[in-house]
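Coordinate inspection notes
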Amino acid sequence: MQRLDPADGDEEKQDSAVKDPSAVCNGPVESTGTMSRKTVNVDGEVFLKYPVSVTTQEHLRNLRNMTLRDDDVILAAFPKSGTHWLWEVTHMLTSGRAEYDPRDKSQLMAEFTEVARLDALPSPRIINSHLFLRHLSKEVVTKRVRVLHVLRNFKDVVVSHYFHMRQRDFFTDEGFEAYARFYLRGCEIPGSYVDYFAYLQEMEAWQKEHPQVPFLNVCFEDMKEKPMECVKDLAEFLGVAVTPSLCEEIVQACSFQQLQRADLAKDNPAGRLFKGGKRQLFRKGQVGDWKNHFTVALSEEFDDVIAERLQRSAFLPRLRYTL
């Protein structure tokens, strides 16, 4: 893991049916049923109409003006990159115990939680988000709050997101290849949820513009290959003292099988949005599962787009597709 040396609104304008935070434009995820959730356009960017008591415009303004604490941690990631995994590891390190947070991470997700509720949470807070960092509190910069960014190779992200979407009642499944090509286009809508490349490009630019902010990029693939080393690096970044035995306990507790069991046991308020009222976040947790779903032609098409969109990015050589 290493540091890299871009990338507030007027009235909400147009509403359109939305399927999921990660799918806000036409494509194979289009629902044929009644949509209860909406998107809104704020200053040319598409956002969910978040489940909060204020307008999306006001919520985004509140997030920008939110008061942060010195021991806060911001956990930022594109969807399906390993946010839940890193969130639990970070919680265990900051609490000094290899015990799961009884809350679901959605209860500390910036875009889905009222600022007043975030303000009431005890320290240390691990505030996670899929938004661009420029949409979060200005105090991330002024107070130099620690930022963790987790990234994962694009092909496994797409596979993970496809199976995530299949758990939703509205999802119209036209097959993986159709969904993958839809996802590859980035929907041509601005916003962190729908364009993997735009998210990474802006994340990299943000780091360069704010070198004074403590920042750590964590790769999903590195966590899988050398979890003990990554946990120790995280502890050092967070400024917490750990023993080798605690690191080992955290590695064991945050193995895929253990996290899967722990997540299923949690009371997740967002579960009602999924089939059967229960969401399954942890499916396989593998590096290279994309090989079971991509054709050779589709893989080569992705390779060309990845190389073109990230050709100048320091992230490109870190995105490993096999171990």
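The next thing to look at is the overall build of the chain. When you go through the chain residue by residue, the secondary structure sums to twelve helices and seven strands. Across the 323 residues that make up the chain, the buried fraction comes to 55%. Accessible surface computed for the chain: about 14,000 Å², of which carbon and sulfur atoms make up 48%.

To continue, consider the sheet that holds strand β5 (residues 126-129). Within a beta sheet, neighbouring strands are joined by backbone hydrogen bonds and run either parallel or antiparallel to one another. Sheet architecture is open: four strands sit in the order β5-β4-β6-β7, paired in parallel fashion. Strand pairing shows two members of the sheet lacking a second neighbour, β5 and β7 (215-219), which therefore form its edges. Neighbour to neighbour, the strand axes of the sheet diverge by 20° on average, direction disregarded. Judged from the four bridges that link them, strand β4 (residues 73-77) and β5 form a sheet pairing that is parallel. Within β5, the residue paired with alanine 76 across the bridge is serine 129. In the packing of helix α2 (residues 83-95) onto the sheet, contacts are made with β4, β5, β6 (146-151) and β7, and the angle to β5 comes to roughly 170°.

Turning our eyes to something else, we now look at helix α12 (residues 296-309). With 14 residues, α12 extends 20 Å between its outermost C-alpha atoms, agreeing within 8% with the 20 Å of an ideal straight helix rising 1.5 Å per residue. Residues Leu298, Ser299, Phe302 and Ile306 constitute the buried set of α12. Taken end-on, α12 shows its buried residues confined to a sector of 95°, consistent with a single buried face. Of the residues in α12, the exposed ones pointing more than 90 degrees away from the buried face are Val296, Asp304 and Glu308. Taken together, the buried residues of α12 touch α5 (154-165), α6 (176-184) and α7 (196-209).

Looking only at α6, the buried set comprises Phe176, Tyr179, Ala180, Phe182, Tyr183 and Leu184. Those residues of α6 hidden inside the fold are in contact with α5, α7 and α12.

The next subject is the side chain of serine 160. Assignment of secondary structure puts serine 160 in helix α5. Its relative accessible area of 16% is what places serine 160 among the buried residues. In this structure serine 160 touches Lys80 and Arg152, once residues within four positions along its chain are discounted.

Let us now look at the packing of aromatic side chains. Per the stated rule, a full pass over the model turns up 21 aromatic pairs. Ring centres of tyrosine 162 and phenylalanine 176 lie 5.4 Å apart, and the angle between their planes is 75°; this geometry places the pair in the edge-to-face category. One end of the pair, tyrosine 162, is in helix α5; the other, phenylalanine 176, is in helix α6, with 14 residues separating them in the sequence. Like phenylalanine 176, tyrosine 162 is buried. With 5.7 Å between their ring centres and 45° between their planes, tyrosine 162 and tyrosine 179 make a pair best called tilted.

What follows concerns the nonpolar core. Among the nonpolar cores identified, the biggest contains 90 residues, and Val89, Leu133, Leu148, Phe154, Leu234 and Phe302 are the most heavily contacted of them. Per element, the largest residue contribution to this core is seven residues, and it comes from α5. Apart from the residues lying within four places of it in its own chain, the contact partners of leucine 148 are Val73, Ile74, Leu75, Ala76, Leu86, Thr90, Leu216, Val218, Leu234 and Phe237.

When you line up the elements, glutamine 201 lands in helix α7. Between the C-alpha atom of glutamine 201 and that of arginine 309, which follows or precedes it by 108 residues, the distance is 8.8 Å.

Any segment with low pLDDT has predicted coordinates that should not be analysed in fine detail. Taken residue by residue, the chain gives an average pLDDT of 83. The fraction at 70 or more is 78%. Segment residues 1-37: pLDDT under 50, and 123 contacts once partners within four positions in sequence are set aside and those in other chains are kept.

What follows concerns the packing of α7 against α12. Remark: α7 packs on α12, axes separated minimally by 11 Å, with the N-to-C direction vectors making an angle of 25°. By the angle between their directions, the pair α7 and α12 is classed as roughly parallel. For the element pair α7 and α12, the recorded crossing hand is right-handed. For the pair formed by α7 and α12, the contact residues are Phe197, Ala198 and Gln201 on the first element and Val305, Ile306 and Arg309 on the second.

Turning our eyes to something else, we now look at the pattern of salt bridges. The full count for this structure, using the stated rule, is 15 salt bridges. Connected via shared salt-bridge partners are Asp222, Glu225, Arg318 and Arg320.

What follows covers unusual backbone geometry. Among all residues save glycine, negative phi is the norm, and among peptide bonds the norm is trans. Here serine 123 and proline 124 are connected by a cis peptide whose omega angle stands at -5°. Inspection of the secondary structure puts proline 124 in the loop between α3 (115-120) and β5. Of note, aspartate 43 is a non-glycine position whose phi angle comes to about 55°, a positive value. Here aspartate 43 is to be found in the loop between β2 (38-42) and β3 (45-48). In this structure, arginine 144 takes a positive phi of about 55° despite not being glycine.

About the criteria used
Residues numbered from 1 in each chain as written. Predicted model: local features only at pLDDT ≥ 70, side-chain atom pairs only at ≥ 80, totals over all residues. Heavy atoms only, no water. Helix = DSSP H or I, 4+ residues; strand = E, 2+ residues; numbered from the N terminus. Buried < 20%, exposed > 50% of the residue type's maximum accessible area, 1.4 Å probe, protein only. Areas by Shrake-Rupley, 256 points an atom, 1.4 Å probe, with all protein chains shown as cover. Pairing = 2+ DSSP bridges. Axes fitted to C-alpha atoms, helices over the stretch in contact; angles between N-to-C directions. Contact = heavy atoms within 4.5 Å. Expected span 1.5 Å × (residues − 1). Arc of directions from axis to C-beta. Phe/Tyr/Trp six-rings, centres within 6.5 Å; stacked < 30°, edge-to-face > 60°. Core = buried A, V, L, I, M, F, W, Y, C linked by side-chain atoms within 4.5 Å. pLDDT = per-residue confidence, 0-100. Parallel < 35°, antiparallel > 145°, perpendicular 65-115°, else oblique. Left-handed = near helix turned anticlockwise from the far one by under 90°. Salt bridge = Lys/Arg side-chain N within 4 Å of Asp/Glu carboxyl O.

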